[in-house]
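# Structure assessment
Below, each chain spelled out in residue letters.
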Amino acid sequence: MPYTTHEIHKIEEKWQKIWQEKQVFKAPADPARKKYYVLEMFPYPSGKIHMGHVRNYTIADVIARVKMMQGYNVLHPMGYDAFGQPAENAAIKNKTDPAKWTYGCIDQMRAELKRMGFSYDWDRELATCDPQYYRWNQWIFLKMYERGLAYKKASPVNWCESCQTTLANEEVVNDACWRCKTPVVQKNLEQWYLKITHYAEPLLEDLKKLANWPSRVVAMQENWIGKSHGVNIFFTWKKTGERSERITVFTTRADTIFGATYVVLAPEHPLVEKLIAGTPDEKKIRAFIEKVAGESKSLRLTGDKKKEGIFTGQYAVNPVNGEEIPIWIADYVLMEYGTGAIMAVPTHDQRDFLFAKEHKLPMRIVIQDPANPAAKVSDLKAAYEGQGTLVNSKQFDGIDNEAAKKNIAEWMMQNKMGEVTVHWRLRDWLISRQRYWGTPIPIIYCKKCREEGRKWTLPVPEDKLPVELPKKIEITGRGGSPLTRSSEFLYAKCPQCGYDHATREFDTMATFIDSSWYFLRFCSPRNDKDVFDKKEAAYWMPVDQYIGGIEHAILHLLYSRFFTKFLKDLGLVNFDEPFVRLLTQGMVLKDGEVMSKSRGNTVDPDAIIERYGADSLRLAILFAAPPEDQLEWSDAGVDAAWKFLNRVWHLAQQRFVPGTREPSAENFDQQDKDLERERNAAIKKVTEDISQGYKFNTAVSSLMIFMNAVDKYAVPAGGGVKQALLNRAVRTVVLLLAPFTPHLCEELWEKVGGGEQSVVRAAWPACDEAALKQDSVQVVVQINGKLRGKFQVAADSSEEDVRKIALADAKIREFLAGKPVKRFVYVAGKVANIVL
């Protein structure tokens, strides 16, 4: 029977049906068995899977199937990150309901995932837009609210004009919205936040536990959390006739305090309004502030942008020397870093140096460059940012600047000029979104309670969850959130006083809320009593292997770690980190660029499956490159994979003869021993390549090498020991290949495995180390680079032994023709090179 496209599709449909009917991948918790939880970052249901999905999910599927064959109880679920702006955009474009569009996409995506043969436990499937899922988003929010970790405040926020919604800092990438790439601006709004900063210390400290995460991801999170040790220095501003006000400046460079020649505030600093009110340049300053508000934060911080600022006309007093120094407002200072105010030391900070040069501000050297101790300010072409000795620093002159950091900090503490402190780059998580298709924030505002002096921002009672999205609603993409125009949704009964016309919060939650705990919900997705079953989570969690893109290094992965720590504090989980091992797979490229519709360089997985079948696509994408590397798509690679699978198919169909007994090593000749050695070498290499770094490409290469050895193995008429040995080799090929190409191998295992059991229930082959040992090896002899002979020598032969054997051979002596040997080089077990 040929391995044709028609036959391939029949086989794939057959086994997909069997897997579903027999629930082969169903994974009930079993304390008697060792568990393994493998999970890919679940997809947004856009309707069709792309090659990035195929690569990600095939990697995970191989891991899951290998673990099943190694006897683990494997949890491998699938769901959909289904809320978000694209569904609203699609609803507007297609004049349909976001839910209808989303569930239609899920149906299409599910069919395509099943067609790929992935080993999911489909009984655990979930979608985050299901009220029975987002009910628990709301429950978690309320638990945070009870503990003061969810709060609302007015502040400048990142705003995407295209999406008409706010963005968290982590969602701003290269000055633009992470989803639609529209430039981000600043806007003052009252929004809901989650206090992720409450967990800053454990989020940073527990990175040390993530030994099996890529170091790059750990470094990115460490930098984002950004712990800095320094000093809050208390400068003062005194307005004529009024009490002086403190300007707190955070610095890690207390050693340069005597060199501060001006102070700079962020345009958003709360003191700015007082500083500029009624001043001659108030109008000019406000125009500058408005201009800066339209710029992204990353643009303001970038090194190659000219820094802009404006003088307030006011002065601050430096507490260490009583000097009055000018107060400026500048674009390169952000309210969310430090205290939103900096002391500028232009001689020892390049950014301050350039700003001072531009605006002709004073400078003072306070750290002496040991290579140029006589340098004056007028000599400087750039700030000196190196080590040195303090000068112009009163009693601290002559001290090494590193020691001075501690000495000056302690002196300021003693004299109440400042305080030693720690600052974090991490800021609380802005979760409010001005859109419809997201989890409603479960808060009610009661006008009557407010008028009567009671608390009027009230949580929705837990027994009233979920707060569901209204189903009949017009979505236009204009005029803010559609929820503000839905009386069905907007009005609710006050849980405190019973007032019928209280109003709901009409912002919805950021979709990253949905993905911050879904891995826990997979443990018991049908539980309608609790957020998840604690016993099930205790068995399955943490996730043993998590797989997804590097683009989620900060956003999703940081939020998931935050939620896990909060849920541990609630007593719901007993671990600190959700993901033991993390693999970040590389992008799939075509013609050197990332595949995208806009570039016109996409490859449709369905088209490849139609022509070659899912197994050929799986094998090609795994063989093309290591998982962490970028993968350049090649049609020829799929064709080559299909041809290899044809060889495997014909090997099992034509050369396997059922009914033979297990071979005995006592009857092996050298050819038999060589095949057994190749078989065990393949088992060892494939097992190690998968378990030690997921080197799927080299594992497949090893299988191809083994196949070559099997093809060359000759079986005489009557078979006997050699047929039995060949049968064993065929079974090994099928077993080792099964995680990569499951449909083909299930079909072949039905013939060669000797039973009806699925190949994933068969035991993973074990390597016999004794079979790897060789009594003798074949050595190729070359003279001046040309092949002149082959010899069998003892495996432990030395170079001198091989030299004697080669030079004693009559044919080799004939080729030498009496010429002296200049050099003899033996590569153990392979080749002997003779140079004349």
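Further up the page is the structure itself.
How each quantity is defined
- Residues numbered from 1 in each chain as written.
- Predicted model: local features only at pLDDT ≥ 70, side-chain atom pairs only at ≥ 80, totals over all residues.
- Heavy atoms only, no water.
- Helix = DSSP H or I, 4+ residues; strand = E, 2+ residues; numbered from the N terminus.
- Buried < 20%, exposed > 50% of the residue type's maximum accessible area, 1.4 Å probe, protein only.
- Contact = heavy atoms within 4.5 Å.
- Areas by Shrake-Rupley, 256 points an atom, 1.4 Å probe, with all protein chains shown as cover.
- Phe/Tyr/Trp six-rings, centres within 6.5 Å; stacked < 30°, edge-to-face > 60°.
- Lys NZ or Arg CZ within 6 Å of the ring centre and 35° of its normal.
- Pairing = 2+ DSSP bridges.
- Right-handed = clockwise from strand over helix to strand, strands pointing away.

Our focus in this paragraph is the overall build of the protein chain. From N to C terminus, the protein chain includes 26 helices and 34 strands. Dimensions along the principal axes, computed over C-alpha positions, put the protein chain at roughly 110 × 80 × 50 Å. Going through the 836 residues of the protein chain one by one, you find that 53% of them count as buried. Long-range contacts, defined as pairs at least 24 residues apart, comprise 73% of the intrachain contacts of the protein chain with a sequence gap of at least 6. As displayed, the protein chain offers around 37300 Å² of accessible surface, 50% of which is attributable to carbon and sulfur atoms.

Right, let's get into the packing of aromatic side chains. This structure, assessed with the given rule, holds 39 aromatic pairs. Grouped by ring-pair contacts, the aromatic residues Phe 42, Tyr 518, Phe 519, Phe 522, Tyr 546 and Phe 579 constitute a single cluster. The side chain of Arg 246 reaches across the aromatic face of Phe 234, ending 3.7 Å from its centre.

Most peptide bonds take the trans configuration, and most residues that are not glycine carry a negative phi. With an omega dihedral of 0°, the bond running from Leu 465 to Pro 466 counts as a cis peptide bond. Among the secondary structure elements, Pro 466 is positioned in the loop between strand S22 (457-459) and helix H14 (487-490). Cis geometry marks the peptide bond from Met 541 to Pro 542, where omega comes out at -5°. Looking at the secondary structure, you find Pro 542 in the loop between helix H16 (534-540) and strand S26 (543-548). One non-glycine residue with positive phi stands out, namely Lys 360, at about 55°.

In this section: the environment of Val 700. Inspection of the secondary structure assignment puts Val 700 in helix H22 (residues 696-712). For Val 700, a relative accessible area of 0% gives the class buried. Between the C-alpha atom of Val 700 and that of Leu 622, which follows or precedes it by 78 residues, the distance is 8.1 Å. Setting aside chain neighbours within four positions, we find Val 700 in contact with Leu 619, Phe 623 and Phe 740.

Attention now moves to helix H24 (residues 742-752). The element H24 is largely enclosed, with a buried count of nine among its 11 residues. Here H24 has its buried residues at Pro 742, His 743, Leu 744, Cys 745, Glu 746, Glu 747, Leu 748, Trp 749 and Val 752. Each element contacted by the buried residues of H24 is listed here: helix H1 (5-21), helix H2 (51-69), helix H4 (98-115), helix H19 (614-623), helix H20 (635-655) and helix H23 (721-737).

Counting buried positions over the six residues of S26 gives six, a clear majority of the element. Of the pairings in the sheet, the one linking strand S1 (residues 35-40) to S26 comprises three bridges and is parallel in character. Within S26, the position partnered with Val 38 by the bridge is Gln 545. Where S26 and strand S27 (residues 579-584) come together, five bridges link them in parallel fashion. The partner of Ile 547 across the bridge, within S27, is Leu 583. As a crossover connection, the stretch from S26 through helix H17 (residues 555-569) into S27 is right-handed.

A separate point is the pairing of strand S32 (residues 786-794). Note that strand S31 (residues 776-783) and S32 share eight bridges and pair antiparallel. Looking across to S32, one finds that Val 780 is bridged to Lys 790. Connecting the antiparallel pair S31 and S32 is a turn made up of two residues, with Asn 784 showing a positive phi of about 50°.

What is shown is where atoms sit, not what they do.
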